[in-house]
Amino acid sequence: MEKRPACHVKRQTRETDVQLTLGGAAAELALPVPIFRHLLGAAVATWGLPLDLSATGDIDVDPHHLIEDVGIVLGQALASYLPGYRGVERYGFALVPMDDALAEVALDLSGRPGAYLANMPAGAVGGVDGEVFAEFFHGFSRGALCTLHIALRAGANRHHAWEASFKAFGLALRQATLPRPGLMLSTKGVIT
Ligand SMILES: [Mn+2]
């Protein structure tokens, strides 16, 4: 299986500046929101695909824009890295425990956007509200054109709940993006 070329995406708006390379050699997350860097780093570690990312933005207003836009750009990069989602597993599923928390992620590289989160805590972790982490997943789903279900099955500790979810997201991506040359799990014959 020949290695896929790395994918570069750059997106600049009045709110944020995000640039990343997916599947390249270097891998560093330059992000000005420490808790998000921690959580995204957990997802990248379980995914196993090198991500080099640099993002800045108007976090003095709210980290919402930056975190959502990183999700959008990462999703767009995945869609570019795996054109048409041909030759990969397509579906990914993971159940990840972290102490009291148990998070479940099911992912379909379906060509259609949709992120559905259940039972995730709304309160803040590391100074960022839970609803902002949810925006990362909504943005990713829109950028990648994928269906994403995330459910917290158990857990009272918010840090554990989100970290288990990001890890499960990475593991589900690892599975869904596994190379399967010639595989097309669609009766339509095309992902759309
Ligand atoms: Mn942690």
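Position numbers for residues start from 1 in each chain and track the written sequence from start to end. Only residues with pLDDT of at least 70 get local features here, since the model is predicted, and only at 80 or more are side-chain atom pairs given and counted; chain-wide, interface and lining totals rely on the full set of residues. Only hydrogens and water are removed before side-chain values are computed, so all heavy atoms of the structure are retained for them.

Enquirer: Can you walk me through the overall build of the chain in this structure?
Expert: Secondary structure assignment for the chain yields four helices and 10 strands. Ordered by position from the N terminus, the helices and strands of the chain form the series β-β-β-α-β-α-β-β-β-β-β-α-β-α. C-alpha extents for the chain along the principal axes are approximately 45 × 35 × 25 Å. Only protein chains enter the accessibility calculation, which uses a 1.4 Å probe; a residue whose area is less than 20% of its type maximum is buried, one above 50% is exposed, and one in between is partly exposed. Among the 192 residues that make up the chain, the fraction classed as buried is 52%. Only DSSP runs of H or I with at least four residues qualify as helices, and only runs of E with at least two residues qualify as strands; both kinds are numbered from the N terminus onward.

Enquirer: Looking at this structure, how should I read the coordination of the manganese ion?
Expert: Geometrically, a metal with four donors at the corners of a regular tetrahedron has ideal angles of 109.5 degrees, and one with six donors at the corners of a regular octahedron has ideal angles of 90 or 180 degrees. Around the manganese ion, the protein contributes the donor atoms His38 (NE2), His159 (NE2) and Glu163 (OE), at 2.0 to 2.2 Å from the metal centre. When its relative accessible area of 30% is taken as the criterion, His159 is described as partly exposed. Counted as coordinating are nitrogen, oxygen and sulfur atoms within 2.8 Å of the metal, or 3.2 Å for Na, K and Ca, while water is not included, which may make sites look incomplete.

Enquirer: Got a minute to help me understand the pattern of salt bridges in this structure?
Expert: Side-chain pairs of opposite charge can arise whenever the charged atoms involved come near each other. When a carboxyl oxygen of Asp or Glu is within 4 Å of a side-chain nitrogen of Lys or Arg, the pair counts as a salt bridge. Tallying each qualifying case throughout the model produces seven salt bridges. Between Asp17 and Lys10 there is a salt bridge, with its nearest N and O atoms 3.5 Å apart. The partner of Arg153 in a salt bridge is Glu104, and the shortest N-O contact between them spans 2.5 Å. Residue Arg153 is located in strand E10 (residues 147–154), and its partner Glu104 is located in strand E6 (residues 101–108); the two are separated by 49 residues in the primary sequence.

Enquirer: Would you explain the packing of aromatic side chains in this entry?
Expert: Within a pair of aromatic rings, the relevant descriptors are the distance that separates the centres and the angle that separates the planes. Pairing of aromatic rings covers Phe, Tyr and the six-membered ring of Trp, with a centre-to-centre limit of 6.5 Å; geometry is then stacked below 30 degrees between planes, edge-to-face above 60, and tilted otherwise. Taken as a whole, this structure holds nine aromatic pairs when the rule is applied. Each ring, one from Phe136 and one from Phe137, has its centre 5.0 Å from the other, and the planes form 75°; the classification is edge-to-face. Relative accessible area serves as the criterion here: at 0%, Phe137 is assigned to the buried category. Considering the side-chain rings of Phe137 and Phe166, the 4.8 Å spacing of their centres and the 50° angle between planes classify their relative orientation as tilted. Here Phe166 lies in helix H4 (residues 158–176) and Phe137 lies in helix H3 (residues 130–144), a separation of 29 residues in the sequence. In this structure, Phe137 and Phe166 share a single accessibility class: buried.

Enquirer: Is there a simple way to explain the packing of H3 against H4 in this structure?
Expert: Any two packed helices are characterised by how steeply their axes cross, that is the angle between the axes, and by the distance between the axes. Here, axes are lines fitted to C-alpha atoms. For helices the fit covers the stretch in contact, and angles between N-to-C directions go from 0 to 180 degrees. Closest axis-to-axis distance for the H3/H4 pair is 12 Å, and the angle between their directions is 10°. By the angle between their axes, H3 is roughly parallel relative to H4. Between H3, through Gly130, Phe133, Ala134, Phe136, Phe137 and Phe140, and H4, the contact on the second element is made entirely by Trp162, Phe166, Phe169 and Leu173. Broken down by class, the residue content of the contact of H3 with H4 amounts to nine nonpolar, one polar and no charged. Any angle that falls under 35 degrees is termed roughly parallel, while one over 145 is termed roughly antiparallel, one within 65 to 115 roughly perpendicular, and all others oblique. Note on contacts: a residue pair qualifies if any of its non-hydrogen atoms lie within 4.5 Å across the two residues. In this count, Pro and Cys sit with the nonpolar residues alongside Ala, Val, Leu, Ile, Met, Phe, Trp and Tyr, while Asp, Glu, Lys and Arg are called charged and the others, Gly among them, polar.

Enquirer: Before we go on, may I ask you to explain the sheet that holds strand E7 (residues 114–118) in this structure?
Expert: The strands making up a sheet associate through backbone hydrogen bonding, with each pair oriented either parallel or antiparallel. The sheet built from four strands is open, its strands ordered E5-E6-E10-E7 with mixed pairing. Whereas interior strands pair on both sides, the edge strands pair on one side only; in this sheet they are strand E5 (91–98) and E7. Within the sheet, the average angular offset between the axes of one strand and its neighbour, ignoring direction, is 10°. Of the strand pairs in this sheet, E5 and E6 are connected by eight bridges, and their pairing is antiparallel. Looking at E6, one finds that Tyr91 is bridged to Asp108. Its contacts with the sheet place H3 against E7 and E10, and it is angled at close to 155° to E7. Sitting on the sheet, H4 is in contact with E5, E6, E7 and E10, with an inclination near 150° to E5. The pairing criterion for strands is at least two bridges between them, as found by DSSP.

Enquirer: Whenever I open this one, the packing of helix H1 (residues 34–47) against H4 confuses me. Can you help?
Expert: At a minimum axis separation of 7 Å, H1 and H4 run at an interaxial angle of 35°. Two packed elements cross with a definite hand, and for H1 against H4 that hand is right-handed. Packed against H1, whose contacting residues are Ile35, Phe36, His38, Leu39, Leu40, Ala42, Ala43, Ala45, Thr46 and Trp47, the element H4 presents His159, Trp162, Glu163, Phe166, Lys167, Phe169, Gly170, Leu171, Leu173 and Arg174 at the interface. For the contact of H1 with H4, the per-class residue count stands at 13 nonpolar, four polar and three charged. Whether a crossing is left-handed or right-handed is set by the direction in which the near helix is turned from the far one by less than a right angle, anticlockwise for left-handed and clockwise for right-handed.

Enquirer: Help me understand the state of the cysteines in this model?
Expert: Working definition: the covalent bond between the sulfur atoms of two cysteines is a disulfide. The disulfide definition used here is simple: a pair of cysteine sulfur atoms within 2.5 Å. Considering all chains together, one arrives at zero disulfides under this definition. Just so you know, Cys7 is unpaired, no disulfide at all, and the nearest cysteine sulfur is the one on Cys146, 15 Å from it. The class for Cys7 is buried, based on a relative accessible area of 8%. Among the residues examined, Cys146 registers a relative accessible area of 0% and is labelled buried.

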